[in-house]
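What follows is the residue order along each chain.
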Amino acid sequence: MSLEQQVMTEMKEAMKAKNEAVLRALRAIKAEIIKAKTDPGAGGQVDEATEQKFLQKMMKQRRDSLHIFEKQGREDLATKEKEEMAVIEKFLPKQLGEAELNEIIKKIIDETGASSAADLGKVMGIASKQLAGKADGKTISGIVKGLLTH
């Protein structure tokens, strides 16, 4: 079942259950799907990689907003962001833990022969492609920097 079909099915269930929080997040996902489909060159189709990219982007936006709202003491808005993040997370692949990321990035560093912070770009390019959708870019970057500076 495609992401669009899953979202539509869950939207119907959320409407029946009158679950506004879930419905709000699903509508946001549906809007992104429509935007991606109408993008020039998409031909009315959205591949899985594009879906993962915009879902990751949506998660990052909500994470950033959540951080700001918590800093400002706006728990009402922070709660909305958390609810939407929980719904979006269901459509993303399982995120890797820090230990798993460390192992994968160590292998990439060994394969590329990277030895200093100057090789950061080379390692990040490969790691970002390999771990797309499985980890946040900020987390990957932090681990790579940590491993290359030691």
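Before reading on, note that the structure itself is shown above.
What counts, and where the lines are drawn
- Residues numbered from 1 in each chain as written.
- Predicted model: local features only at pLDDT ≥ 70, side-chain atom pairs only at ≥ 80, totals over all residues.
- Heavy atoms only, no water.
- Axes fitted to C-alpha atoms, helices over the stretch in contact; angles between N-to-C directions.
- Helix = DSSP H or I, 4+ residues; strand = E, 2+ residues; numbered from the N terminus.
- Parallel < 35°, antiparallel > 145°, perpendicular 65-115°, else oblique.
- Left-handed = near helix turned anticlockwise from the far one by under 90°.
- Contact = heavy atoms within 4.5 Å.
- Nonpolar A, V, L, I, M, F, W, Y, C, P; charged D, E, K, R; others polar.

### Considering the packing of helix α2 (residues 20-37) against helix α4 (residues 75-89)
One can describe the packing of α2 onto α4 by two numbers: an axis separation of 9 Å at closest approach and a directional angle of 60 degrees. Classed by the angle they form, the pair α2 and α4 counts as oblique. α2 and α4 meet at a crossing whose hand is right-handed. Residues Ala21, Val22, Arg24, Ala25, Leu26 and Ile29 of α2 touch α4, and the partners they reach there are Lys80, Glu83, Glu84, Val87 and Ile88. Counted by class, the contact of α2 with α4 contains 7 nonpolar, no polar and 4 charged residues.

### Quick look at the packing of helix α5 (residues 98-112) against helix α6 (residues 120-130)
Look at α5 against α6: their axes get within 10 Å of each other, and the N-to-C directions meet at 135 degrees. The angle between α5 and α6 falls in the class oblique. Crossing hand, α5 versus α6: right-handed. Taken together, the residues of α6 that come into contact with α5 (itself represented by Ile104, Ile108, Ile109 and Thr112) are Lys122, Val123, Ile126, Ala127 and Gln130. Tallied by class, residues from the contact of α5 with α6 come to 6 nonpolar, 2 polar and 1 charged.

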